Each structure stands twice: as C-alpha cells, then as structure tokens.
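A closer look at the structure
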Amino acid sequence: MTATANPTGTPKAKKLSMKARYGALTRDLDWAPGYVSEEEMYPHTSYEGIKIHDWSKWDDPFRLTVDAYYRYQAEKDKRLYSVLDGFAQSQGHLTLSEGKYLNAMKVFLGGVTPLEYAAHRHFAYLARQFNGPGPRFAALCQSIDEMRHAQTEIHTLSNYNKYYQGMHNFAQQHDRVWYLSVTKSYFDDALSAGPFEFLIAIGFSFEYLLTNLLFVPFMSAASFNGDLPTMTFGFSAQSDESRHMTLGLEAIKFILEQDEANVPIVQEWVDKWFWRGYRVTGIVSQMLDYQLPRPVMSWKEAFELYFEQQMLGGLFPDLALYGIKPPKHVDQAIWEKDHLSHWLHDTFYQFSHAANFTTTVPDTEHLDWLAQAYPDTFNQLYRGKWEEMGKLAEEGNRFFYPGLPQLCQVCQVPMVYCENGNPHKRAVYHSEYEGENYNLCSEGCKWIFDREPAKFRQAWLPVHQIYQGNCGGPTIPDVLEWYGFQEGDSGEYIGSVDHKNWIARHQMIEDKLGQGAGH
Ligand code: FE
Ligand code: ZN
C-alpha cells in the first residue's frame, strides 16, 4: 500500500521510457510481409554479397521522431533566412574580403550543391530498399536533410548571383563543364552502385572520412572572408552533418558485425571510395591555398588535422578491431599533401577561360604565405612558375592553355599528378580492356579501373566528348556557348566584369563617405 494509491482502483499505466516511446513510434510500426517473401519485398539487398542476419541490431543513435525532426529543422531555417534577408538588404556582399573570393563559392555551387540533390535522391532509394526499419528511417531523414542542403545552398548563394558572374547556370554546367565532371562522375559512380556500396561510399567514406576536409574548409573560408550567409548555412547544416557522420559510422560497424564474410567486401569499398573521394577533395585543396583573398589554413594543415590525425590516428585503430585496415594508396595521398594544390590550381589557372570562375596570379604576399605553409616544396618547385606567369600577364600575354588535357578515366581530373615520392616524374598509367587503351592518373585510379572496367569504360569524359563533337561544336567558342557561359563568367580576374564592378562599387562608397565628411 502506498500513499499515491489510485482512488478509482484501476491500475495506473506505467509511463514508457524515452527509448520505448521512440520504438513504439518508429520501428515497432514495421511488419513482416505475409503475401510476399522478404526477398521479393527487398530485392536489392542480396546481390552485393553482404550478409545481414538481424536488421534489428541497427541502433538509432538519435531517436528522432518526425515531429522533433521538423521542429528542429524549421527553427534552423528561420534563423538562416533572417540572416540572408539582413545581408541582402544591407548590401552585405560589399563587405566581402574581395570580389574574387566568390570564385570559391562558384566552385562550391557548381560542384557540391548538385551532389546534395543527388544524395537526396539516393538516400530516398535506401529508405525504400533496406529491410530494417532502423536504417530506413535514418536514410529517410538524411534524404530530407540533403534536399534541404541543396535548397539552402541555392538560396544562400542566389543573392550573390544578382551582382556577380559565373553562378547563373550552375545546374546545367554541372552536367557539362569539364572540371565539374569530376564531382558529378564521383556521385554517379555511387548512385549506380548497390545500396550497401552506396552506404559505404557516401555514408561512410564521404560523410565520415572526408566530410570535415570538404565542409570545414569551405565554411571557415566563408567566415574569414566576410561571407556571413555561407557561414550561417554551414552552421545550419552542421548538426545534420553530425547525424550523417554517426549514420556512416553506425552503418560500417553494423555491416561488419553482422557477418565476417562482409569484411573483405567492405575493405574493398573503403579502398575504392577513399581514393575516389580524395581525388575530389583536390578541388578543396586549390580553393584553400589559392582562391581565398584571406587564407584560413593550408591544404597540408587541413589534411593533417582532419584526415591524418582524426581518421588515420583516431578512427582506423578502432576499425582494426573489425579487421578493417587503413585505405589502400593512403601513403600517396599523404605524400601529395605538399604538392596537390599547386598542381591543381596551376590547371585551374591555365583553363579558367573554360570554367565558371576566374583566376589570377597570386600577389607577392600570397606567394610568401604559400612559402611558409609549404617550406619544403613551394619556393623550390612552384614559385618560379607563378612568377613567370605573372611576368607574362604583365606583358599582356596572360597564358591560357590552348589545347585540351588528357583526363583520367576514373577520377576525370586532368593527368597532372606525379609518381609517389617524385615531383619531377609525371604519373601516367594505362589499362587495356577489350582491345582499348585507357589512361589513369595514379595507382589508385588504375586499381579502381581494373576492378570494374566494364563500369568505367562508360565514363563521360568531357575532353573525349568535345573531340567526338558532342559539345556544341569544334571550336572553343562553340563549346563555351554550349556550357552556357556569359561574358565575365570565366578567364582572368583582373579586368573582369566582377573586378571592374568591385572597384566601381567601392569607389561609389568612398565618394559618398567623402561627401558625408565634408558636411
Ligand atoms: Fe548534405
Ligand atoms: Zn584518376
């Protein structure tokens, strides 16, 4: 007998724990199919060879219900959109570090935003195809997150599109422009893989292994260069990102724990998708080191912190317990950290007449910054070339490469890389498949090609497509028109439409301030 005895005499229902309440609202709603077999209902989860014995072992780390999810996301959106409004009304773009900073955002909008949308589509597919309700709901939330990321990024950058060139046609350009095929083909490769491979490719290798190398640099670049909207977007995506990272880690551990036979399959996917993703982050490397008027950190520093320390040092010892080793070819990525951005921005510089951004030779202060960030390589190997390019530009002979580069069949980056350990030897690999020769940029890409030649022989290589006459016509102006470029989208920054406008607008402000002081 207790003091709180129920006066009506009916037994009082015990309140459910948080976990039980969450279970009742989510995975307990699932049912076992009665009229069809599980195989028929979920036909895509067996052909990759992954064995799952107990889908209920998937643990949901966040326990979100639909109500909580939308309330939280709506609050973040409200905050973001009020920042965007305030920035637009106060002509905030004039307080950016410099007009050319937006070149970094043009790369982001054309290269990354369409991938958010592709991720939205494919996580929706996983939300249908996985047998277990736990991973299905996690995939559903991520699908909606990714749609939101695509929309908020477009809204965030749309204000700049009113005043600057190069952003007006990003979706079509994602499908057509040579360097954007690097990011597009990476995601197409994942979209055309099976559901488990996609989960390891995007959920784990991208969202866990490499996301900090992609997002943190872009978002801190924004904050350092006065881009409050992009920074705010970054914060609003960050809490989603931490959910996605947890999903990726949960996914790999779940698959590995289910059956020992899964380990070698997952290892090959980690090897493949580390290298695919790493090649894509090369675009980030040149952004960090060359495209920011106010640099944040070098690629080398970012790679050491977010990859070597956090992943090789923190994550992989943990995964070793499951029998997973650090990715193949990781030693080459470590060696390349002293060179990567210099090779790639050199390419961006020489081909920016055919890109949706502009480039210019770094000034002396910037070259000095690079020299201290890369004490072993920059002055020794790369500075001289920039000084030479600067001299040519001053003499009125700004250099653009007049031909088309050889692309790697797998990563689709021009073949600008060097042999592991030797910055003086250009790396060129070949594979033969059914009598045809394919060119590969590295041991990593060659290994990936040889594993799935029938897949990669189908790659849509922008340069080959131009030569085959599928890109608007045989001349550079034909191709640029097919890309949907307008005056000022591409080429040299100094003297460009954006540069002239930047100077004119700031002159106007100074004149106004000058008049004000006279009164
Ligand atoms: Fe996203
Ligand atoms: Zn490659």
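Up top is the structure these notes are about.
Summarised in this report is the structure supplied together with it. (Residues numbered from 1 in each chain as written. Chains lettered and ligands numbered in written order. Predicted model: local features only at pLDDT ≥ 70, side-chain atom pairs only at ≥ 80, totals over all residues. Heavy atoms only, no water.)

Comments concerning the overall build of the protein
- Of regular secondary structure, the protein possesses 21 helices and 6 strands.
- Whereas a compact globule of 519 residues would reach a radius of gyration of roughly 24 Å, the protein reaches 26 Å, a difference of no more than 12%.
- Taking all 519 residues of the protein together, the buried fraction comes to 55%.
- Across the protein, the fraction of contacts at a sequence separation of at least 24, relative to all contacts at a separation of at least 6, is 80%.
- A total of about 23,300 Å² of accessible surface is found on the protein, and carbon and sulfur atoms cover 55% of it.
- Here the protein contributes 45 positively and 64 negatively charged side chains, and the mean placements of these two sets differ by 6 Å. (Helix = DSSP H or I, 4+ residues; strand = E, 2+ residues; numbered from the N terminus. Rg over C-alpha atoms; globule rule 2.2 N^0.38 Å. Buried < 20%, exposed > 50% of the residue type's maximum accessible area, 1.4 Å probe, protein only. Contact = heavy atoms within 4.5 Å. Areas by Shrake-Rupley, 256 points an atom, 1.4 Å probe, with all protein chains shown as cover. Lys, Arg positive; Asp, Glu negative; His and termini not counted. Charge placed at Lys NZ, Arg CZ, Asp CG, Glu CD.)

Points about empty space enclosed by the protein
- Within the structure shown, the criterion is met by 4 cavities of 30 Å³ or more.
- Looking at the largest cavity, its volume works out to about 180 Å³.
- Lining the largest cavity we find 15 residues, and of these P61, F62, A138, C141 and R243 sit closest to its centre.
- Put simply, the parts of the chain that give the lining of the largest cavity at least two residues each are α6 (133-161) and α10 (228-258).
- The greatest single-element share of the lining of the largest cavity, amounting to 5 residues, is contributed by α6.
- Here the lining of the largest cavity is built from residues that sort into 9 nonpolar, 3 polar and 3 charged. (1 Å grid on protein atoms, 1.4 Å probe; cavity = no way out; pocket = protein on both sides within 12 Å on 5 of 7 lines; lining within 4 Å. Points joined across faces, edges and corners; volume = space filled by probe spheres on them. Nonpolar A, V, L, I, M, F, W, Y, C, P; charged D, E, K, R; others polar.)

Remarks on the pattern of salt bridges
- Across all of its chains, the model carries 31 salt bridges by this definition.
- Notably, a salt bridge pairs E268 with R451, separated by 2.5 Å at the nearest N-O pair. Taken as a pair, E268 in helix α11 (residues 262-291) and R451 in helix α17 (residues 443-451) lie far apart in primary sequence, 183 residues in all.
- Given the relative accessible area of 35%, E268 is considered partly exposed. (Salt bridge = Lys/Arg side-chain N within 4 Å of Asp/Glu carboxyl O.)

Quick word on the layout of surface pockets
- Taken as a whole, the largest pocket holds about 530 Å³ of empty space.
- In terms of lining, the largest pocket is formed by 21 residues, of which the most central are D346, Q350, K385, V416 and R426.
- Secondary-structure elements contributing two or more residues to the lining of the largest pocket are α14 (340-351), α16 (378-394) and β3 (422-426).
- Looking at the lining of the largest pocket element by element, the count peaks at 6 residues for α14.
- For the lining of the largest pocket, the per-class residue count stands at 12 nonpolar, 5 polar and 4 charged.

Here we look at the coordination of the zinc ion (ligand 2)
- Within the protein, the zinc ion (ligand 2) binds to C408 (SG), C411 (SG), C441 (SG) and C445 (SG); these donor distances fall in the range 2.3 Å.
- Coordination geometry of the zinc ion (ligand 2): the 4 donor atoms subtend angles of 106 to 114° at the metal centre, consistent with an arrangement described as tetrahedral.
- Sequence positions of the donors to the zinc ion (ligand 2) reduce to the motif C-x2-C-x29-C-x3-C.
- Judged by its relative accessible area of 1%, C411 falls in the buried class. (Donors = N, O, S within 2.8 Å, 3.2 Å for Na, K, Ca; no water. Tetrahedral: all angles 85-135°; square planar, octahedral: opposite > 155°, others 65-115°.)

Focus: the side chain of K337
- Positionally, K337 belongs in the loop between α13 (330-336) and α14.
- Relative accessible area serves as the criterion here: at 11%, K337 is assigned to the buried category.
- A polar contact of 2.9 Å, which involves the side chain of K337, links it to the side chain of E308.
- Dropping the residues within four chain positions of it, K337 is found in contact with W299, K300, F303, E304, E308 and Y374. (Polar contact = N/O pair within 3.5 Å; in protein donor to acceptor, adjacent residues only side chain to side chain.)

Concerning the nonpolar core
- Core analysis: the largest hydrophobic core is formed by 140 residues, its most contacted members being Y179 and F204.
- The leading source of residues in this core is helix α9 (residues 195-224), at 18 residues.
- Beyond its immediate sequence surroundings of up to four residues, F204 is in contact with L199, L209, G248, L249, I252, V270, L315 and L319.
- The next biggest cluster of nonpolar side chains, apart from the first, holds 5 residues, and it includes Y22, L64, F137 and C141. (Core = buried A, V, L, I, M, F, W, Y, C linked by side-chain atoms within 4.5 Å.)

Describing the coordination of the iron ion (ligand 1)
- For the iron ion (ligand 1), every protein donor is listed as E116 (OE), E146 (OE) and H149 (ND1), and the spread of their distances is 2.1 to 2.2 Å.
- Taken in sequence order, the residues that donate to the iron ion (ligand 1) follow the motif E-x29-E-x2-H. Here E116, found in helix α5 (residues 113-129), pairs with E146, found in helix α6; they are 30 residues apart in sequence, far enough to count as distant.
- On the basis of relative accessible area, E146 is assigned to the buried category, the value being 2%.

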